[in-house]
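Below are the chains, spelled out letter by letter.
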Amino acid sequence: MRKPLMVMLVAVMVAIGFAAPAQATANSVDRPFSMNYGNSTTSGTIHFTDGYSASVSGAVHAASGSRMVCAWGANGDVTTGAICSPWANAGGPNQAFSGSLQIALSGGVQRVYIAMYDENVTPLAEEFCTRNGCTRLY
């Protein structure tokens, strides 16, 4: 009687996702991103690797004032340090940024957050991207 009960319990746990922790993913994915605040924009690509890291490359354009973009990775409550662009100034050139994010946990970098700031370091716009797409937060 105990064995059938244990088999049923394991089957239920597998069905609802408790059987094993997430591992590093099997495929790498390139995810484009773009975000604007008024006429100021940022765009680029996130390369989620088949391991524990993601690389980010992009540029920021300031239509007014000054703009800076920062990106950081997350897996649950664990976050990476931020990769930030130089300040882009209205009328000046776009500013490129790039770097690598790594989290040495099962599943690696699950989300990459991207935020645009003004010259007072006030957040103006933010989104996060996963392997499946991007979602604007504000």
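Treat the numbers as computed from the prediction; the structure is a model and nothing was measured. (Residues numbered from 1 in each chain as written. Predicted model: local features only at pLDDT ≥ 70, side-chain atom pairs only at ≥ 80, totals over all residues. Heavy atoms only, no water.)

Undergrad: Any details on the packing of aromatic side chains? Residues and values, ideally.
TA: Using the criterion set out here, one finds 2 aromatic pairs in the structure. Within the aromatic cluster, the residues linked to one another by ring pairs are Trp72, Tyr113 and Phe128. Looking at Arg111, its charged tip hangs above the ring of Phe128, at a distance of 3.8 Å from the centre. (Phe/Tyr/Trp six-rings, centres within 6.5 Å; stacked < 30°, edge-to-face > 60°. Lys NZ or Arg CZ within 6 Å of the ring centre and 35° of its normal.)

Undergrad: Describe the sheet that holds strand β2 (residues 40-48), listing the residues and the values that go with them.
TA: Pairing in this open sheet of 4 strands is antiparallel, and the strands run β1-β2-β3-β8 from one edge to the other. Every other strand in the sheet has two partners, leaving β1 (29-37) and β8 (95-102) as the edge strands with one partner each. In this sheet, adjacent strand axes meet at a mean angle of 15 degrees when their direction is disregarded. Where strand β3 (residues 53-61) and β8 come together, 8 bridges link them in antiparallel fashion. Its bridge partner being in β8, Ala54 is matched across the sheet by Leu101. (Pairing = 2+ DSSP bridges. Helix = DSSP H or I, 4+ residues; strand = E, 2+ residues; numbered from the N terminus. Axes fitted to C-alpha atoms, helices over the stretch in contact; angles between N-to-C directions.)

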